Amino acid sequence: MASTPSQTGPLRHFLQFRDLSRDEIHYVLDRARLIKDKFKRYQPHHTLHDRNLAMVFEKASTRTRVSFEAGMYQLGGSVIHLTTGDSQLGRAEPIEDTARVISRMVDLVMIRTFEQTRIERFAAHSRVPVINGLTNEFHPCQILADIFTYIEHAGSIEGKTVAWIGDGNNMAYTWLQAAEILGFRLHVSAPQGYQLDRKRIGQPPETVLREFADPMQACRGAHLVTTDVWTSMGYEAENEERRQAFADWCVDAEMMAVADPAALFMHCLPAHRGEEVTGDVIDGPQSVVWDEAENRLHVQKALMEFLLLGQVA
Ligand code: CP
Ligand code: NVA
């Protein structure tokens, strides 16, 4: 594999969760712990001094944009923010050409887009590491932050049970990859027609994945209960149909009551109180959603450092 002038090792991308090995994920999470501790003590951590990150957004964002942008500056680097509308992507410049050009000018690229194939095409023509900031298929940075948050609050996630309630979407598929790599079990309950696609996931063993028609059963004994919007970005035309299909997939106090007594609640945000989660759960004592959102910053700083510098500790 080729190295770029700004990298110390082979070119690595983070397009899906399983692009990192178990050991590398643990390294990034440990490094994020150190980076977060330094951040809290106002200690500078300028390991990416003079490096430049391009961020390409083809969908809306609050957390992803702010965490990558603030994170890169905090590492001593700088950022360029592009959207479809204000770049030539909106005027049909091929993604391959865009990748060739941008990656000659910056050290690292983060993209939020539609199909996974689009980010794969970008990465295939990039000279620098590419990070998935969400696609229709995966949201790996979010799951890194979620696992960091779980460990921070409750210790190792290995052997634990995570209940995914709602849409079999980009978050759910990424949780499944994380369960396979890190050794925990995923319970999924999704309405008929919105389950994980067997053509994509094959037949994971029961130690990794169990599916439930009833969301209450999926939550039983879970150490983490998590959900997401009923309608993800790009699927807005299905909004009404989804509102009807998902009506029983609202994480409420009853579901939390059958989970492990110490269970945490997470949501990648943005949330719709009264739809996928009740206000008393997301704003209640078991919810760690604000730590989860903050931790995007810390884990992505560790991830960017890892992709550019490799393991430095
Ligand atoms: N969770 C998440 O990715 O949030 P944004 O869409 O605001 O970036
Ligand atoms: N599944 C959601 C996550 C948003 C952060 C979406 O893709 O819109």
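Being a predicted model, the structure only gives us computed values, none of them experimental.

1. Quick look at the overall build of the protein chain
1) Next: A count of helical and extended segments in the protein chain gives 12 helices and 9 strands.
2) Next: Relative to the compact-globule value of 20 Å for 313 residues, the protein chain shows a C-alpha radius of gyration of 19 Å, a close match.
3) Next: In terms of overall dimensions, the protein chain has C-alpha extents of about 55 × 45 × 35 Å along its principal axes.
4) Next: Counting across all 313 residues of the protein chain, residues that qualify as buried make up 57%.
5) Next: Sequence separation of 24 or more characterises 72% of the internal contacts of the protein chain that already satisfy a separation of 6 or more.
6) Next: Carbon together with sulfur atoms contributes 51% to the accessible area of the protein chain, which is approximately 13100 Å² in total.

2. Structural notes on the side chain of D167
1) Next: Tracing the backbone shows D167 in the loop between strand 5 (161–165) and helix 6 (170–182).
2) Next: On the basis of relative accessible area, D167 is assigned to the buried category, the value being 6%.

3. Some remarks on the site of ligand 1
1) Next: In the vicinity of ligand 1, the residues found are S61, T62, R63, T64, R112, H139, Q142, C268, L269 and R296.
2) Next: L269 is positioned such that a nitrogen or oxygen atom in its backbone is 2.9 Å from a nitrogen atom of ligand 1.
3) Next: Its free accessible area being 260 Å², ligand 1 has 95% of it covered by the protein chains.
4) Next: Looking at the shell around ligand 1 residue by residue, the class counts come to 2 nonpolar, 5 polar and 3 charged.

4. Focus on helix 12 (residues 289–309)
The periodicity of an α-helix, 3.6 residues per turn, causes residues three or four positions apart to be oriented the same way.
1) Next: Here helix 12 contains 21 residues, and its C-alpha end-to-end distance of 30 Å stays within 8% of the 30 Å for a straight helix at 1.5 Å per residue.
2) Next: N295 marks the point of greatest bend in helix 12, at about 30 degrees.
3) Next: Within helix 12, 18 of the 21 residues are buried, which leaves the element mostly enclosed by the surrounding structure.

5. So, the UniProt feature "binding site: L-ornithine" (unreviewed entry) in the protein chain
1) Next: With numbering matched to this structure, UniProt assigns "binding site: L-ornithine" (unreviewed entry) to N170, D228, S232 and M233. These residues run over 64 residues, yet every pair of their C-alpha atoms falls within 11.5 Å of each other.
2) Next: Those residues in contact with N170 that lie beyond four places of it in its chain are L134, T135, N136, E137, F138, H139, D228 and S232.
3) Next: A polar atom in the side chain of N170 sits 3.0 Å from the backbone oxygen of T135.
4) Next: Secondary-structure assignment places D228 in the loop between strand 8 (224–227) and helix 9 (239–245).

6. Observations regarding the site of ligand 2
1) Next: Near ligand 2 you find L134, N169, N170, D228, S232, M233, C268 and L269, and these make up its full shell.
2) Next: The contact in question runs from an oxygen atom of ligand 2 to an N or O atom on the side chain of N170, over 2.8 Å.
3) Next: Between an oxygen atom of ligand 2 and a main-chain N or O atom of M233, the distance comes to 2.8 Å.
4) Next: In isolation ligand 2 has 270 Å² of accessible area, and contact with the protein removes 94% of it.

7. Section: the environment of R121
1) Next: Examined against the element boundaries, R121 turns out to sit in helix 4 (residues 116–124).
2) Next: Spatially, the C-alpha atoms of R121 and P94 are 9.8 Å apart, while their sequence positions differ by 27 residues.
3) Next: Excluding its chain neighbours within four sequence positions, the residues that come into contact with R121 are I95 and E96.

What counts and how
- Residues numbered from 1 in each chain as written.
- Chains lettered and ligands numbered in written order.
- Predicted model: local features only at pLDDT ≥ 70, side-chain atom pairs only at ≥ 80, totals over all residues.
- Heavy atoms only, no water.
- Helix = DSSP H or I, 4+ residues; strand = E, 2+ residues; numbered from the N terminus.
- Rg over C-alpha atoms; globule rule 2.2 N^0.38 Å.
- Buried < 20%, exposed > 50% of the residue type's maximum accessible area, 1.4 Å probe, protein only.
- Contact = heavy atoms within 4.5 Å.
- Areas by Shrake-Rupley, 256 points an atom, 1.4 Å probe, with all protein chains shown as cover.
- Near = heavy atom within 4 Å.
- Polar contact = N/O pair within 3.5 Å; in protein donor to acceptor, adjacent residues only side chain to side chain.
- Nonpolar A, V, L, I, M, F, W, Y, C, P; charged D, E, K, R; others polar.
- Expected span 1.5 Å × (residues − 1).
- Bend = angle between axes of the 7 residues up to and from the residue.
- UniProt positions renumbered as here; feature names shortened; annotations may be inferred.

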